[in-house]
Amino acid sequence: MSNAKLEIEGKTIELPIIKGSENEVGLDISKLRAETGVITVDDGFVNTGSCESSITFINGGEGILRYRGYGIEELAEKSNFEEVAYLLINGELPTSAQLSGFKAKIAEYSTIPVEVKNIISSFPPEAHPMAVVSSAMVALSAFYPELQKGTLTEADTEKVIPLVMGAMKVIAAANYRHSKGKTTGTPNGKYNYAQDFTNLMFDKVDDDIARALDVLFILHADHEQNCSASTVRVVGSSRANLFASVSAGINALWGPLHGGANQKVIEMLDAIQNDGGDYKKWLGKAKDKSDPFRLMGFGHRVYKNFDPRAKIIKKACDTILNKLGVQDPILDIAKGLEEQALSDEYFVERKLYPNVDFYSGIIYRALGIPTHMFTVMFALGRLPGWVSQWKEMIESPNLKICRPRQIYTGSKLRSYTGIESR
Ligand code: SDX
């Protein structure tokens, strides 16, 4: 690749250009500060790449999402969550023996220490599940001191990855049952991940519900350097353990601009329904700069076209609700809102389309998941993505602690004055 020339502060330097396997072009500025004393500044990292990665590819302009080169549409239709998790973490689709071994490991670790169960039940029943799940996840590290190292042996990695996956579904379901005044459910290794999650939640397994969850987990499994995956990488870059890194990712996902949006979408659609279904009024609020309201589930930092996941989930809404015999009027409100927004200049000009969170809550609600648990469902699906990003980072030969610079804009040097003279 050729270099880019940069002329700054009277100096001209050459910076290498990096080209990815899908022809994305990046400027390698690793020598910039050493050679010029100058840094770059980029609010929200809109234009900044944090790493090179071979896990997930997104083409935001064309609405393309691939895990390790496989299209999301094909994986959602033909694969299953454990197989996709294996693919993300290991880079290849598993053989039958590899998949059975991976599933068996997850089943082996689908349990949590009684002390962690006590932490979950020490929360008020109405506590937001994301607070409980992130607390329980980092608490797990106390029971596996040998896995608290940031630099794991291969054997450690082989253990800690299925362990966090197995424990996560137990923690999520245990918190739900605590909120209902019930004791923790009993995992069953004969079930797949989604089936066992519904077993842990409801003491029963409905194959239609489990398959719907399986597909939703696949669709949420990874999304390259999103806010929560970047958080997992930043925390893991200090060599903090996987439990702590995942717990940090759960907390980043909680925000309403990120994974927390799926809960906000349902609350928004319910509010519109209670307001007589007048979604044109709400679209007006979303466009009004003086109104803090945003159309939740719309817009994306990368997708400037349909989020392919939203297209799949929208289709699945009709299928699953019909299969379950569920009528939910907010599905029609969501469709009307989407149709109106997609023909509105404000949204068209800004390339704002429905994202993964716009329709997912309608399915979660039909499956009996409480609204304030929707973002936990997102976290369950995203876990293998966070783990694969963390693994790729700690295995990188040039792993460096993430420590950005800044441009200081505060006071210049001044002397201390005693309180009597202030
Ligand atoms: C996820 O990054 C990932 O990959 C995330 C994710 C994943 O899988 O990990 O895909 C999951 O987090 C999806 C996004 C869920 N969040 C929401 O649905 C919340 C609502 N959406 C927005 O807040 C917003 O669209 C973001 C946060 C998603 C993206 O914000 P950006 O990229 O910082 O864009 P921006 O805020 O600079 O918006 C650009 C313009 C602005 O208007 P102008 O100042 O140019 O006039 O578009 C407007 C914004 O006001 N805008 C919206 C809007 N989203 C953007 N206006 C109304 N409603 C919206 N939803």
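Placed above this text is the structure.
Quick caveat: nothing in here was measured; it's all calculated off a predicted structure.

A. Highlighting unusual backbone geometry. You will see that Glu9, though not glycine, has its phi angle at about 50°, which is positive. When its relative accessible area of 72% is taken as the criterion, Glu9 is described as exposed. Phi angles above zero are rare outside glycine, and Arg239 is one such case at about 75°. Positionally, Arg239 belongs in the loop between α10 (227-237) and α11 (242-254). Accessibility expressed as a relative area gives 36% for Arg239, which makes it partly exposed.

B. Up close: the pairing of strand β5 (residues 64-67). Across four bridges, the pairing between strand β4 (residues 56-59) and β5 is antiparallel. For Ile58, the partnering residue across the bridge sits in β5 and is Leu65. Taken together, β4 and the strand that follows it, β5, pair antiparallel across an intervening segment of four residues, in which Gly63 is found at a positive phi of about 65°. With two bridges connecting them, β5 and strand β6 (residues 70-71) associate as antiparallel partners. The residue of β6 that forms the bridge with Tyr67 is Tyr70.

C. Quick peek at the nonpolar core. Grouped together as the largest cluster of nonpolar side chains are 117 residues, with contacts concentrated most on Leu140, Phe197, Leu295 and Ile362. For this core, the leading source of residues is helix α7 (residues 154-179), giving 13 residues. Looking at which domains feed residues into this core, each of domain 2 (78-255 + 373-394) and domain 3 (261-366) supplies at least three. With residues near it in sequence (within four places) discarded, Ile362 still touches Ile266, Leu269, Cys317, Leu321, Ile330, Leu331 and Ala334.

D. Geometry of the site of the ligand. Residues in close proximity to the ligand total 24 residues, the closest being His223, His300, Arg301, Arg309 and Arg382. A distance of 2.8 Å separates an oxygen atom of the ligand from a polar atom in the side chain of His258. Separating an oxygen atom of the ligand from a side-chain N or O atom of Arg350 is a distance of 3.1 Å. Out of a free accessible area of 1100 Å², the ligand has 77% covered by protein chains. In terms of residue class, the shell around the ligand is built from ten nonpolar, seven polar and seven charged. If you count residues domain by domain, the shell around the ligand takes at least three from each of domain 2 (78-255 + 373-394) and domain 3 (261-366).

What counts, and at which threshold
Residues numbered from 1 in each chain as written. Predicted model: local features only at pLDDT ≥ 70, side-chain atom pairs only at ≥ 80, totals over all residues. Heavy atoms only, no water. Buried < 20%, exposed > 50% of the residue type's maximum accessible area, 1.4 Å probe, protein only. Helix = DSSP H or I, 4+ residues; strand = E, 2+ residues; numbered from the N terminus. Pairing = 2+ DSSP bridges. Core = buried A, V, L, I, M, F, W, Y, C linked by side-chain atoms within 4.5 Å. Domains from an automatic or database assignment. Contact = heavy atoms within 4.5 Å. Near = heavy atom within 4 Å. Polar contact = N/O pair within 3.5 Å; in protein donor to acceptor, adjacent residues only side chain to side chain. Areas by Shrake-Rupley, 256 points an atom, 1.4 Å probe, with all protein chains shown as cover. Nonpolar A, V, L, I, M, F, W, Y, C, P; charged D, E, K, R; others polar.

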